[in-house]
Amino acid sequence: MGQRMKVLVVDDELPIRDEIRLMGLEKYGYEIVGEATNGKAALELCERLQPDIVITDITMPVMDGLELIRQLQKTKPLIKYILLTCHEDFVYARQALQQGALDYIIKADISAEGIAGVLDRARGIIEKEREQARKLENEKRNGFSRYVMDDAAGDEELERELAKIGFTINPNGPNYFLVMENRLGSWIFVEMTVRGILDAENAVKSWILLDDGFYGISTAGQIDMERLVRRMDGQLREAFDFIGEQFRIYGIESVEVVGSVKRYLGIGRKLRGWKAHAFYEPDRAYFPERQIRECSFPGLEHWERLTGVLAGGADEETLRREVEDFGKEAHLWPEELKKLLISWISGQIGSVGEQLREAERALMNTWDIRQLAAELAAQCGKYGKLSDRSEVRKAIRIVREEYRTELTLAGLAERIGINAQYLGRLFVEDTGEKFSDYVNRIRMERANELLKEGTLKVYEVAEQVGITNYRYFTQKFREWSGISPKEVRKRGK
């Protein structure tokens, strides 16, 4: 029967959990190590209990089964998932299967034999992957990759090791490299499939692992690297139809002259940073070095160009296209471009605190320019039409940055350089709110977050949002939320 597998059961219905617990799955070689009523609690248990298999309901409060699977795949990609579902949940079950769930069980037909059969299937896959993992680890320990990190080895020793695996470096170029980007964690079975394809490819003499997901390719001469990569990508997607946009593979060609093995390894280290170049061309499968543009850091001209692009208040589709075009033209380092966009959106959306943090997370987690542009457009769409007028945008930015200080329409108008009455009219036309109402809302939204955190007293929260009069703050907060600040603070604890 082999090693006993650890199982976590996740369902908000106690009778279902009781029924599975009392089935006696131990006699089949499975131990139920824990139970959870929702996905959030299951995430915490997975960190502590390290289950091999998760049996989860789809529809649950707090966090459903689909989100649980998505979250676990980021940190624990080797866990296998089995769904508990009702007949009406088949649409969700299909989504979960596409995300990597192994199988599903209809709650109405639940039985010890049925669950054991699905668990046995999961066991077979787990044991196979573990065996592959052991082989992979042995290969990493005994293969050439250990020399990549060891600067103590000399060129002669490195050349001997390369000769053992039939790997030849082209001293005058080109040399080829393969990059795998897997954004959901380490999938050993995908890695093994890639290596099998490389072994079967006639144009590839040998390959070496330079880093996780980064391979050096030895060939007899020049090869059609783009054709190889596209064919490899097709084979992987056919074998693993759930990988979707979370997985990407592409090739790189370096034409640098390589005088030694150490020089080759140095080129490899440099090329790992080429993911930044691939960021701007997500559909491209092959990157010859001579066609690569260097990325840069943002300057004032980039900020002025970006604000000009985004000032039009366009619909989401137009905004997405404009941002994508700007990104490709500016060709900044991706993280710098994201920071630039976050800086802009922080001065535009009509809220502070958690909503802004959500927007920041959404933008920082994008992996190519197309997704970044789409996410920015979507975030802007959440908050309605943005201001078309630079005067209003400046006023919004000042309020968002300085809401803790005393702010008046007359004071802002003077700083911006226009008439206060005119600014007030523009503000209402563009935002649908009076300036004073907007300032109050920004302050109350931030106060609400601070009160929920429960670390500050009510008068301290009032001071944090720029209101020194405790009674006035309490009155305005009650008008805004319908309840007192003390009630919010008490509920948040």
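The coordinates are above.
Residues numbered from 1 in each chain as written. Predicted model: local features only at pLDDT ≥ 70, side-chain atom pairs only at ≥ 80, totals over all residues. Heavy atoms only, no water.

Time to look at the sheet that holds strand 9 (residues 247-254). Taken together, the five strands give an open sheet; going across it, the order is 7-8-6-9-10, and neighbouring strands pair in mixed fashion. Each of the sheet's edge strands pairs with one partner strand only, and the pair in question is strand 7 (204-211) and strand 10 (286-288). Direction aside, the axes of adjacent strands within the sheet are offset by 25° on average. Note: strand 6 (residues 175-182) against strand 9, eight bridges, orientation antiparallel. Its bridge partner being in strand 9, Phe177 is matched across the sheet by Ile252. Across the sheet, helix 9 (residues 225-239) lies against strand 6, strand 7, strand 8 (214-219), strand 9 and strand 10, angled at about 165° from strand 9, the strand it touches most. (Pairing = 2+ DSSP bridges. Helix = DSSP H or I, 4+ residues; strand = E, 2+ residues; numbered from the N terminus. Axes fitted to C-alpha atoms, helices over the stretch in contact; angles between N-to-C directions. Contact = heavy atoms within 4.5 Å.)

We now examine the packing of helix 12 (residues 300-310) against helix 14 (residues 334-346). Between helix 12 and helix 14, whose axes approach to 11 Å, the crossing angle comes to 55°. Between helix 12 and helix 14, the crossing angle belongs to the class labelled oblique. When the axes of helix 12 and helix 14 are compared, the crossing they make is right-handed. Between helix 12 and helix 14, the residues in contact are His302, Trp303, Leu306, Thr307 and Leu310 and Leu340, Leu341, Ser343 and Trp344, respectively. For the contact of helix 12 with helix 14, the per-class residue count stands at six nonpolar, three polar and no charged. (Parallel < 35°, antiparallel > 145°, perpendicular 65-115°, else oblique. Left-handed = near helix turned anticlockwise from the far one by under 90°. Nonpolar A, V, L, I, M, F, W, Y, C, P; charged D, E, K, R; others polar.)

Before going further, it helps to examine the packing of aromatic side chains. Under the counting rule described, the total for this entry stands at ten aromatic pairs. Each member of the aromatic cluster is reached from another via a ring pair, and the members are Phe167, Phe177, Phe214 and Tyr264. (Phe/Tyr/Trp six-rings, centres within 6.5 Å; stacked < 30°, edge-to-face > 60°.)

We now examine the nonpolar core. In this structure, Val399, Leu412, Phe427, Phe473 and Phe477 are the most contacted members of the largest nonpolar core, which totals 30 residues. Here the element with the most residues in this core is helix 20 (residues 435-453); it accounts for eight residues. Filtering out sequence-adjacent residues up to four positions away, Phe427 remains in contact with Val392, Ala395, Ile396, Gly432, Glu433, Lys434, Phe435 and Tyr438. (Core = buried A, V, L, I, M, F, W, Y, C linked by side-chain atoms within 4.5 Å. Buried < 20%, exposed > 50% of the residue type's maximum accessible area, 1.4 Å probe, protein only.)

As summarised here, the arrangement of the five strands in space is 2-1-3-4-5, forming an open sheet in which the pairing is parallel. Either end of the sheet is taken by a strand with one partner, and the two such strands are strand 2 (30-36) and strand 5 (103-106). With direction set aside, neighbouring strand axes in the sheet form an average angle of 25°. Here strand 3 (residues 53-57) pairs with strand 4 (residues 80-85) via five bridges, running parallel. Of the residues in strand 4, the one forming a bridge with Asp57 is Leu84.

In this section: the pattern of salt bridges. Counted under the stated rule, the structure contains 24 salt bridges. With its nearest N and O atoms 3.1 Å apart, the salt bridge here joins Glu35 to Arg17. Residue Glu35 is found in strand 2, and its partner Arg17 is found in helix 1 (residues 14-21); the two are separated by 18 residues along the sequence. Note on Arg17: relative accessible area 11%, which makes it buried. Here Arg123 makes a salt bridge to Glu127, at a shortest N to O gap of 3.6 Å. In this pair, Arg123 and Glu127 both sit in helix 5 (residues 112-142), four residues apart, roughly one turn of the helix. Assessed through its relative accessible area of 6%, Arg123 is described here as buried. Among the ionic contacts, a cluster of salt bridges with common partners joins Arg17, Asp18, Arg21 and Glu35. (Salt bridge = Lys/Arg side-chain N within 4 Å of Asp/Glu carboxyl O.)

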